[in-house]
Amino acid sequence: MTLAEALQLIISGIAVGMVYSLIALGFVVVWKSSGVANLALGQLVLVSSWFTYGVLVQAGLPLLVGFLLLLVFAPLLGWLIERIVLRPLIAQPILSLITVTLGIAYFLEGIVTCIWPQSLGALPRFFPTEPIHIGPAAISQEYLWICGISLLTFVVLTIFYRYHKMGIAMRATADDQLAVQACGVPVTRIFSSSWMFACIVAAIGGVLISSIGGITFGLVNTGLKSFSVVILGGLDSFVGAIVAGPIIGLAENLGGGFFTPLTWPGVKDIIPFIIIVIVVLVRPFGIFGEARIERI
Amino acid sequence: MTLPCGIRSYNYSQDTAIVRTKTQWVLLLGFLALFFALPFYLKSNYWLSIINLIGINLIAATGLNILTGYCGQLSIGHAGFMAVGAYTSAILTGTIGLPFPLALICSGLSAGVIGMFFGIPSLRVKGFYLAISTIAAQMIIIWVIEHWTNVTGGFNGMSVPYASIGGLVFKSEASQFYLIMVITVIVIFLAKNMARNKIGRAFVAIRDNDLAAQVMGINLFQYKLLAFFIGCFFAGIAGSLYAHWAVSINVEAFTFMKSVLFIGMIIIGGLGSTIGPIYGIIFISILDVVVTKLSPALQSAFPQLASGFTTGLAPMIFGLVVILFLIFQPRGLAHRWQLFKSAYRLWPFSY
């Protein structure tokens, strides 16, 4: 492998990893505040990508209007899911909470197939496509844009969580739900806003990744791969998700580059899942997660 | 179990009997006799094939019920373990040429061993972590099957010979009905008994509180792995039967969504009861048949519907049913049936 190839793999790996981080953040937000393990991540990504396709390509709206509509649609979806499905299940065993998100996943997938039966959709190009030369490598600008937008989203989210009243309330809920309730914070509203956030970041991640790869059912797998980020970074850690994303992206791309000649083509797709198995076996609470798992 | 009024047990064998009263015996035997005579009066191969598929799925779901319903270890990779069984059986009978009964056992064992491997994390983690690691298992298994082309045929799949015991070849739908149903009845009987003996009680203890179970002297390591082994063993048997029933197998039959479907089946039927998966599977299969019959009709009645309506309707309704059951009937159809039975016995008194 030449240096140029390696550099290309590294940059694209980091960019894709950033998107995984974004999607994983959506999981962490919900898990931290309400303890619901959302397995429908991939489907949320899928739905919001197809929605963007619908408003931008099928309805032909200008970019800005389309994105504004997406920013309305995604929180609405999150609110609906929380209000209709998860509110009645508060304080149910984790088994029900996991399986109900699987039900949501199935439902969303059905809706997507109903409305957009075609298997492939291409979003218009948002970013300039001419490559940038870094050393010997020519790197498509899109990847740098994706890194930039992801970083921006992280910064905004971090500031929100640190300083905004709602953000502080969300962190407090994650810490001690009873105490927060006693202080008069409406916990149910915290839950629904965490779902809204989850859907927004999933939507941003979805639009970013489908602007490169197109919209396919592969996005569901992207969502599943994000679980490796969640597991590696630690379930309840924002920093973990942000750091683990690029690690997974790099491992996927470089590992794919190195191992494909040794094994079968397509080894790239399976690396995140192998990482999941290894992490769960060796260090189940992840790099930054709290080691709060009950020892059995 | 609540018994009808006036039934008392005078010795231990009466007390522990599965079928307690004469009426129950008559009903059970009558049902089995009617059921096994089904191919004689049900001439439609379509319906027989649906019933066969129900039997196969029932075996897999019974395994999952032992693992998830009794032992509380969530597995979202059951279709993957089923695929291990199916491909083992296909390779052993098709490529190597072993007899079918041996291949059936071997496919159960291989699925069980692989399930046990992916069950190792359950010793340290539970809940969500376990769900994720079984999803990883599903993905890895399917990926290996897809890419190990010279053994499994990759995307093209494999063709499998019909099952045969001695000189008897199970070729027609009716003969396969007997093969599948006999194994299904055996599996249900085993599962029912396992739930009542030492192992089953240990599983339930682990599900309810694993720390307490350990304090009571239950070896968690051993029993959790055993649960994974048994659950995946049944999945492997189901996979093998599926391979010999469908005669050609492909990874398309063992997708992630199929795994979710199994979870949905046992949720709808009722976790932690032997009868639950039966209700769940019959419910889902009837739903499936209705949707496949209904959606083309709807499509032609309302041509303005989107063209993906026929394919999208089934997952949509299924997701909806799972959500509704979890919200309104979390203990499943089995519980509802129990309520109905006790209400019937007490009628006209409501207490």
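The shown structure was predicted, so the numbers you read here are calculated from the model rather than taken from an experiment.

Student: So what exactly am I meant to see when it comes to the overall build of chain B here?
Tutor: Secondary structure assignment for chain B yields 16 helices and four strands. Its C-alpha radius of gyration of 21 Å places chain B within 12% of the 20 Å reference for a compact globule of 351 residues. Once the C-alpha set of chain B is aligned to its principal axes, its extents read approximately 60 × 55 × 50 Å. The buried share of chain B, reckoned over its 351 residues, is 44%. Intrachain contacts of chain B at a sequence separation of at least 6 include 76% that bridge at least 24 residues.

Student: What's the story with the overall build of chain A in this structure? I'm lost.
Tutor: Tallying secondary structure elements over chain A gives 11 helices and two strands in all. In chain A, the succession of α and β elements from N to C terminus is α-α-α-α-β-β-α-α-α-α-α-α-α. Compactness check: chain A gives a C-alpha radius of gyration of 19 Å against a globular reference of 19 Å for 296 residues, within 12% of the reference. With respect to the principal axes defined by its C-alpha atoms, chain A has extents near 60 × 50 × 35 Å. Counting over 296 residues, chain A shows a buried share of 50%.

Student: Sorry if this is basic, but what is going on with the domain arrangement of chain A here?
Tutor: By a frequent convention, interface size equals the accessible area lost on bringing the separate parts together. All names here are of chain A. Partitioning chain A into structural domains gives domain 1 (23-129 + 137-216) and domain 2 (218-296). Centre-to-centre, using C-alpha coordinates, domain 1 lies 20 Å away from domain 2. Each partner contributes residues to the interface: domain 1 has 19 residues there, and domain 2 has 18 residues. Looking at the side of domain 1 that touches domain 2, the elements with two or more residues in it are α1 (3-34), α2 (41-58) and α8 (187-213). Among the elements that make up the side of domain 1 that touches domain 2, the one with the highest residue count is α1 (seven residues). Partitioned by chemical class, the residues of the side of domain 1 that touches domain 2 number 12 nonpolar, six polar and one charged.

Student: Mind showing me how you'd approach the interface of chain B and chain A here?
Tutor: Each side of the interface is counted separately: chain B has 41 residues, and chain A has 40 residues. Elements with a minimum of two residues in the side of chain B that touches chain A: α7 (128-147), α11 (210-215), α13 (256-269) and α15 (309-328) of chain B. Tallying contributions element by element places α15 of chain B first for the side of chain B that touches chain A, with 13 residues. Class assignment of the residues belonging to the side of chain B that touches chain A gives a composition of 31 nonpolar, eight polar and two charged.

Student: I keep staring at the packing of α2 of chain A against helix α3 (residues 63-86) of chain A and nothing clicks. Help me out?
Tutor: The packing of two helices is summarised by the inter-axis angle and the distance between the axes. All names here are of chain A. Look at α2 against α3: their axes get within 9 Å of each other, and the N-to-C directions meet at 145°. The chirality of how α2 crosses α3 is right-handed. On α3, the residues touching V47, S48, F51, T52, V55 and L56 of α2 are L63, G66, L69, L70, F73, A74 and L77. Each residue belonging to the contact of α2 with α3 can be placed in one class, and the counts come to 10 nonpolar, three polar and no charged.

Student: For this particular structure, what's the right way to read unusual backbone geometry?
Tutor: The phi torsion of most residues other than glycine is negative, and most of the peptide bonds are trans. Residues and elements named next belong to chain B. Of note, the phi angle at V247 is positive, near 65°, even though the residue is not glycine. Along the chain, the position of V247 falls in the loop between α12 (220-246) and β4 (248-249). When the 15 C-beta atoms within 10 Å are taken as the criterion, V247 is described as partly exposed.

Student: Just to check I follow, could you spell out the nonpolar core for this structure?
Tutor: The nonpolar side chains of a soluble globular protein tend to be buried, and buried together. Counting residues in each nonpolar core, the largest one holds 191 residues, and the members touching the most others are C199 and I276 of chain A together with A60, M82, A83 and A238 of chain B. Counting only domains with at least three residues in this core, you end up with domain 1 (23-129 + 137-216) and domain 2 (218-296) of chain A. Beyond its immediate sequence surroundings of up to four residues, C199 of chain A is in contact with L44, A74, P75, L77 and G78 of chain A.

Student: It is not clear to me how helix α6 (residues 165-175) of chain A should be interpreted in this structure. Could you clarify?
Tutor: Quick reminder: α-helices carry 3.6 residues per turn. Residues three or four places apart thus point the same way. All names here are of chain A. Inspection of α6 places M170, T173 and A174 among the buried residues, and these make up the whole buried set. Buried residues along α6 cover an arc of 100° about the axis, so they all sit on one side. In α6, those exposed residues whose orientation departs by more than 90 degrees from the buried face are K165 and D175. Residues of α6 that are buried make contact with α1, α5 (141-163), α7 (177-182) and α8.

Student: Is there a simple way to explain the packing of helix α4 (residues 45-70) of chain B against α13 of chain B in this structure?
Tutor: All names here are of chain B. Axis separation between α4 and α13 bottoms out at 10 Å; the angle between their running directions is 75°. In terms of their interaxial angle, α4 and α13 are classed as roughly perpendicular. Contacts from A60, A61, L64, N65, T68 and G69 of α4 reach α13 at F262, M265 and I266. Across the contact of α4 with α13, the residue classes tally to six nonpolar, three polar and no charged.

Student: Just to check I follow, could you spell out the confidence of the model for chain B for this structure?
Tutor: When pLDDT drops low, the exact placement of atoms in the prediction is not to be read closely. On average, residues of chain B score 87 in pLDDT, and 98% of them reach the 70 mark or higher. For chain B, per-element mean pLDDT is lowest for helix α8 (residues 149-152) of chain B, which scores 80, and highest for α12 of chain B, which scores 93.

Student: Would you mind going over α5 of chain A with me for this structure?
Tutor: All names here are of chain A. In this model, α5 (23 residues) spans 33 Å end to end at C-alpha, consistent with the 33 Å of a helix rising 1.5 Å per residue. Of the positions making up α5, those classed as buried are Y143, I146, I149, S150 and F154. In this fold, the buried residues of α5 make contact with α1, β2 (137-139), α8 and α10 (238-259).

Student: It is not clear to me how the environment of I91 of chain B should be interpreted in this structure. Could you clarify?
Tutor: All names here are of chain B. Within the secondary structure, I91 is located in helix α5 (residues 78-96). A count of 21 C-beta atoms within 10 Å places I91 in the buried class. Each C-alpha atom of the pair I91 and R207 lies 36 Å from the other, and the pair is 116 residues apart in sequence.

Student: When you look at the environment of L220 of chain B in this model, what are you seeing that I'm missing?
Tutor: Residue and element names in this part refer to chain B. Checked against the element boundaries, L220 lands in helix α12. Its 17 C-beta neighbours within 10 Å are what place L220 among the partly exposed residues. A C-alpha to C-alpha distance of 9.2 Å links L220 and F203, two positions 17 residues apart in sequence.

Student: Quick question: what am I supposed to make of the environment of A4 of chain A here?
Tutor: Residue and element names in this part refer to chain A. Examined against the element boundaries, A4 turns out to sit in helix α1. A count of 15 C-beta atoms within 10 Å places A4 in the partly exposed class. Those residues in contact with A4, other than ones at most four positions away along the chain, are P136 and A137.

Student: What am I meant to see in the confidence of the model for chain A here?
Tutor: For chain A, per-residue confidence averages 85 on the pLDDT scale, and 98% of positions sit at 70 or higher. In the model of chain A, β2 of chain A stands out as the element of lowest mean pLDDT, 75, in contrast to α3 of chain A, which has the highest, 91.

Criteria and thresholds
Residues numbered from 1 in each chain as written. Chains lettered and ligands numbered in written order. Predicted model: local features only at pLDDT ≥ 70, side-chain atom pairs only at ≥ 80, totals over all residues. Helix = DSSP H or I, 4+ residues; strand = E, 2+ residues; numbered from the N terminus. Rg over C-alpha atoms; globule rule 2.2 N^0.38 Å. Buried ≥ 20, exposed ≤ 12 C-beta atoms within 10 Å, placed from the backbone. Contact = placed C-beta atoms within 7 Å. Domains from an automatic or database assignment. Nonpolar A, V, L, I, M, F, W, Y, C, P; charged D, E, K, R; others polar. Axes fitted to C-alpha atoms, helices over the stretch in contact; angles between N-to-C directions. Left-handed = near helix turned anticlockwise from the far one by under 90°. Core = buried A, V, L, I, M, F, W, Y, C linked by C-beta atoms within 7 Å. Arc of directions from axis to C-beta. Parallel < 35°, antiparallel > 145°, perpendicular 65-115°, else oblique. pLDDT = per-residue confidence, 0-100. Expected span 1.5 Å × (residues − 1).

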